[in-house]
Amino acid sequence: MKNLEKNGYAVSTDLKRMMEKSQQQHRDLLAAVGDNNWSSKEKEQFKMLSTELAAIGDNNWPSKEKEQFKMLSTELGRSNELQRETLFCQTLLARLRFPFMHERHERISKAHQETFQWIYDDLTAADSQWTNFLGWMKNSTDGENIYWITGKAGSGKSTLMKFLWNDRRTVQHLSAWAGDRPLVTAGFFFWISGADMQMSGMGLLQTLLAQLLNDRPGLLSKLFRERWESFNYLQGGLENWTWHELKQAFEILVSDRSKTYFFLIDGLDEFLGDPEELIDFIINTAKSPNVKICTASRPWLVFEEAFNDRPSLMLQNLTRPDIKRYVSAKFHENKRYLRLVEQDLEYTTQLVDNVVEKSAGVFLWVYLVVKSLFQGITNSDRNSDLQKRLDSLPSDLEALFDRLLNSLDPGYFREACQMFQIVSVAQEPLDLLTFSFADGADSAVVPVALSADIKPIEDRAMFARLDDERRRLNTRCKGLIEASVTGTQPGRVEYLHRSAKDFLESKRVWEKIIHGGGRSFNPNRCLCAAFLYRLKVSYIGKASDLWDGISWVMEYSLQAEQATSTPEVAILDELHHTATVLIKGTGAAFSQWTLLSHEDSQQEMMPTWAAKDPCDYPLHSFLEVAVLFNHTTYVKSNLKRNTTPWSRGEYDRLLWLASRSRNQPACTRGKAALMETKVPNPDMIRLLLAEGPDSNWFLDRTLNASESSLAPQVQSLLQSGSRNSKKKALRFRFRSLLGRSK
């Protein structure tokens, strides 16, 4: 490729020099013509130039020049195609990535100093507690390409997997197995509390492929040849990914025996799908002798049956020394504990041993118990008091969660239950700022969002708000949900652990949380208001952020309406106002928004909401946005409140948008209510036909449309007959949705 680029550069440089020389000759000769004062040399030059121009016009070149031009044309063509292919590969690589792709890995707790070092020890044959991981990495044994790390909930499986992924010794030891062949690594961490892509098979494949191809993007045009041809000749090839094509591309990559591959896949029990399908994918991939896979999960029966006969370890049986190091180190960081050590070394040492013994190898239990003991130390508890506190805590993790929940301050219990509900219904983890806008009873949160000014929040006010909200979480929820810290970023509010989520959302506990939060509390309404508030104070001018904010407000308004049967008219009206203000404020530089004319005879200009949505449909009003997102109840409310008669263009655009067969906008992906609505939506069509004027103009547009863009029931009417008969049939079909014909 470098040679081609070098040759292309040399050819283009020569061509540029030839053109510059020819242009200078033209200028000199024209000057001489103007003066009519030619020298004999200039006359000869003009004669030669005329001959060359005639040869070009007659395509009568000397053979050598023809060959040079042919070579130049070929090289330029290759260079142009190479540029297009490079653009295609970089575009496809970017489309493999998705938001929060590496978030789970980043949020897993880092292993405490000096813990898990034993995983790299070279075991003796006498130690049969677990399969030698070092030997598994370095050696090649048929049928043993999979290593399974399992253990109780909270035993530290994900922390160990992150440790293995980050430690350079992993690659060093695997290189002994790889030999002279290059070693390529990729990893994925499933997360059931994250966004859909973080717990799906599509997320797994896109992440693995993005990592495998990051340094070899040129392979994308070969792995996805049909897409490349569509991109190259038809400007297509950028459709949504399918499981089949991703899996096929992955299998082709792995089949390259000139390379070796190591895959680390954590949290199989957090996969939102059929575990058997995931197991089949892992086992089939590991059949290639140039592949090793390290995976981790809870010891569910389905995973035991698949991996029990393979190299493995049971984590809680191996972490006693690690837990002792952790507890001892944490205690010795506390100055008050050091005073207790001075008073009674033997008793404090015994306290550490008692914590380790009672933990049964569960790191999460230790983390929570150490926090509780620290509270006692802060309260100046004596050694005997601390031992009583430890004895009173259940050794079972779920029982400990129950104890924490029951120990919540009664004055904070309602707020805690409302916080639990907000985290539970959120369709992806909320950043702390958005959570702070949602935190509270919906009767209080909504008015604040409606009255908030549309202006960026100042840094000082934002950091103060984040600090206050983090403190509220700590005091109300006792660590069952917490806000992560990511540098200067707000961090995300999430469950302490998968086991905490399972506990809180169990039927028995969840009924208690619903009752505790108040029967009238609607967490989706709080989130609807929160995203409106967030849009008002943090929008920075990106079209994707605006559409994302709009779609989240629409999504949670639909979810809230399902619980109350009442549309969130006030919130959506304020969304209309907010978005209009933000669009106006973007100025001419905001190229995604353009003024578009009405399609009626008056060509009236709309000063606001003239936009192209993510599906590239021209939108002229917020009502059209509501139709796009299939928000039927809001459209109905808006029509009833509208005192200005519709123009023909307004009505027909709404009906046209509602009846088109189209993909959902990209910003609706991962939003349950928006994705569930039918496209085209019969309820929306029925509503518009009931409220609107005669639709002759709309029917004419329908007849002129390509049939593929129409609903199937409309397509069937366009197969035969005259234009008038088709038009009559269409009108009858649409009106029949209402139970009447016209």
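No experiment lies behind these values; they were computed from the predicted model shown.

Here is what the cut-offs are and how they apply
Residues numbered from 1 in each chain as written. Predicted model: local features only at pLDDT ≥ 70, side-chain atom pairs only at ≥ 80, totals over all residues. Heavy atoms only, no water. Helix = DSSP H or I, 4+ residues; strand = E, 2+ residues; numbered from the N terminus. Buried < 20%, exposed > 50% of the residue type's maximum accessible area, 1.4 Å probe, protein only. Contact = heavy atoms within 4.5 Å. Areas by Shrake-Rupley, 256 points an atom, 1.4 Å probe, with all protein chains shown as cover. Pairing = 2+ DSSP bridges. Axes fitted to C-alpha atoms, helices over the stretch in contact; angles between N-to-C directions. pLDDT = per-residue confidence, 0-100. Disulfide = S-S within 2.5 Å. Phe/Tyr/Trp six-rings, centres within 6.5 Å; stacked < 30°, edge-to-face > 60°. Lys NZ or Arg CZ within 6 Å of the ring centre and 35° of its normal. Core = buried A, V, L, I, M, F, W, Y, C linked by side-chain atoms within 4.5 Å. Patch = residues over 30% accessible without salt bridge, like charges linked within 9 Å, V, L, I, M, F, W, Y side chains within 5 Å. Salt bridge = Lys/Arg side-chain N within 4 Å of Asp/Glu carboxyl O. Lys, Arg positive; Asp, Glu negative; His and termini not counted. Charge placed at Lys NZ, Arg CZ, Asp CG, Glu CD. Arc of directions from axis to C-beta. Polar contact = N/O pair within 3.5 Å; in protein donor to acceptor, adjacent residues only side chain to side chain. Parallel < 35°, antiparallel > 145°, perpendicular 65-115°, else oblique. Left-handed = near helix turned anticlockwise from the far one by under 90°. Nonpolar A, V, L, I, M, F, W, Y, C, P; charged D, E, K, R; others polar.

A count of helical and extended segments in the protein chain gives 36 helices and 10 strands. Every one of the 742 residues in the protein chain was classed for burial, and the buried ones make up 48%. In the protein chain, the proportion of contacts linking residues at least 24 apart, taken out of those at least 6 apart, comes to 75%. Carbon and sulfur atoms provide 50% of the accessible area of the protein chain, an area that totals close to 37,500 Å².

Bringing the sheet that holds strand S1 (residues 146–150) into the picture now. Pairing within the open sheet is parallel, and its five strands lie in the order S2-S3-S4-S1-S5. Edge positions in the sheet fall to strand S2 (183–189) and strand S5 (312–314), since each of these pairs with one other strand and no more. Across the sheet, the axes of successive neighbouring strands diverge by a mean angle of 10 degrees, strand direction being ignored. Across three bridges, the pairing between S1 and S5 is parallel. Across the sheet, Thr-150 pairs through a bridge with Met-314, a residue of S5. The strands touched by helix H12 (residues 275–285) within the sheet are S1, strand S3 (260–266) and strand S4 (291–297), with S4 carrying the most contacts at an inclination of about 155 degrees.

On average, the protein chain scores 79 in pLDDT, and the residues at 70 or more come to 73%. Contacts of residues 32–36 to residues separated by more than four positions or lying in other chains number four contacts, the stretch itself having pLDDT below 50. Per-residue pLDDT stays below 50 along residues 587–613; that stretch engages in 65 contacts with residues further than four places along the chain or on separate chains.

Another aspect to go through is the sheet that holds strand S8 (residues 492–495). Two pairing modes exist for strands in a sheet, parallel and antiparallel, and in both the strands are linked by backbone hydrogen bonds. Strands sit in the order S6-S8-S7 across an open sheet of three strands; the sheet is antiparallel. Lying at the two open borders of the sheet, with one neighbouring strand each, are strand S6 (430–431) and strand S7 (481–483). The sheet strands contacting helix H20 (residues 413–425) are S6, S7 and S8, and the helix crosses S8 at an angle near 100 degrees.

Moving on, we come to unusual backbone geometry. One non-glycine residue, Phe-116, adopts positive backbone phi at about 70 degrees. Note on placement: Phe-116 falls in the loop between helix H4 (103–107) and helix H5 (133–138). The backbone of Lys-478 shows a phi angle near 55 degrees, a positive value even though the residue is not glycine. Tracing the backbone shows Lys-478 in the loop between helix H23 (459–477) and S7. Its relative accessible area of 30% is what places Lys-478 among the partly exposed residues.

This part covers the state of the cysteines. Scanning all chains against the criterion turns up zero disulfides. No disulfide involves Cys-477; its sulfur sits 8.9 Å from that of Cys-417, the nearest cysteine. Accessibility expressed as a relative area gives 0% for Cys-477, which makes it buried. Note on Cys-528: no disulfide assigned, nearest cysteine sulfur contributed by Cys-526 at a separation of 9.9 Å. The exposure class assigned to Cys-528 is buried, which follows from its relative accessible area of 0%.

The subject of this paragraph is the packing of aromatic side chains. Inspection of every chain in the model, using the stated rule, returns 30 aromatic pairs. Linked through ring pairs, Phe-116, Trp-118, Tyr-120, Trp-130, Phe-163, Tyr-326 and Phe-363 together constitute an aromatic cluster. Sitting over the ring of Trp-177, Lys-292 keeps its end group 5.2 Å from the ring centre.

Phe-401, Phe-420 and Leu-688 are the most contacted members of the largest nonpolar core, which has 137 residues in total. The biggest single contributor to this core is helix H26 (residues 523–538), with 10 residues. If sequence neighbours within four positions are ignored, Phe-401 has contacts with Leu-364, Leu-368, Leu-480, Leu-496, Ser-499, Ala-500 and Phe-503.

Turning our eyes to something else, we now look at a negative patch on the surface. Where like charges cluster on the molecular surface, the negative patch consists of Asp-274, Glu-276, Glu-277, Asp-280 and Glu-305. The biggest single contributor to the negative patch is H12, with three residues. Position of Asp-280 relative to the elements: it lies in helix H12. Taking the relative accessible area as the measure of exposure, Asp-280 reaches 41% and is therefore partly exposed.

What follows covers H12. Burial in H12 covers these residues: Leu-278, Ile-279, Phe-281, Ile-282 and Thr-285. Viewed along the axis of H12, the buried residues span an arc of 160 degrees, placing them on a single side of the element. Of the surrounding elements, those touching the buried residues of H12 are S1, helix H8 (201–213), helix H11 (243–254), S3, S4 and helix H13 (301–307). The N-cap of H12, judged by a side-chain oxygen 3.0 Å from the amide nitrogen of Glu-276 a few residues on, is Asp-274.

This next bit is on the pattern of salt bridges. Oppositely charged side chains can pair when the atoms bearing their charge come close. Per the stated rule, a full pass over the model turns up 28 salt bridges. Across the pair Glu-239 and Arg-227 runs a salt bridge, and its minimum N-O distance is 3.8 Å. Note that Glu-239 is positioned in the loop between helix H10 (225–234) and H11 and Arg-227 in helix H10, a separation of 12 residues in sequence. Glu-239 gets classed as partly exposed once you look at its relative accessible area, which sits at 45%. For Asp-269, the salt bridge goes to Arg-498, with nearest N and O atoms at 3.4 Å. Linking Asp-269 in the loop between S3 and H12 with Arg-498 in helix H24 (residues 498–504), this pair joins segments that are 229 residues apart in sequence.

The next subject is the packing of helix H22 (residues 442–451) against H26. Between H22 and H26, the shortest axis-to-axis distance is 9 Å and the interhelical angle comes to 20 degrees. Classified by the interaxial angle, the pair formed by H22 and H26 is roughly parallel. When the axes of H22 and H26 are compared, the crossing they make is left-handed. Contact residues: Asp-442, Ser-443, Val-445, Val-446, Val-448, Ala-449, Leu-450 and Ser-451 in H22; Arg-525, Cys-526, Ala-529, Leu-532, Tyr-533 and Lys-536 in H26. Of the residues in the contact of H22 with H26, the class split is nine nonpolar, two polar and three charged.

For the pair helix H14 (residues 320–332) and helix H16 (residues 345–359), the least separation of the axes is 9 Å and the interaxial angle reads 140 degrees. Comparing the axis directions of H14 and H16 gives the class oblique. Here H14 and H16 pass one another in a crossing that is right-handed. Within the contact between the two elements, H14 uses Arg-320, Ile-323, Lys-324, Val-327, Ser-328 and Phe-331 and H16 uses Leu-351, Val-352, Asp-353, Val-355, Val-356, Glu-357 and Ser-359. Taken together, the residues of the contact of H14 with H16 break down into seven nonpolar, two polar and four charged.

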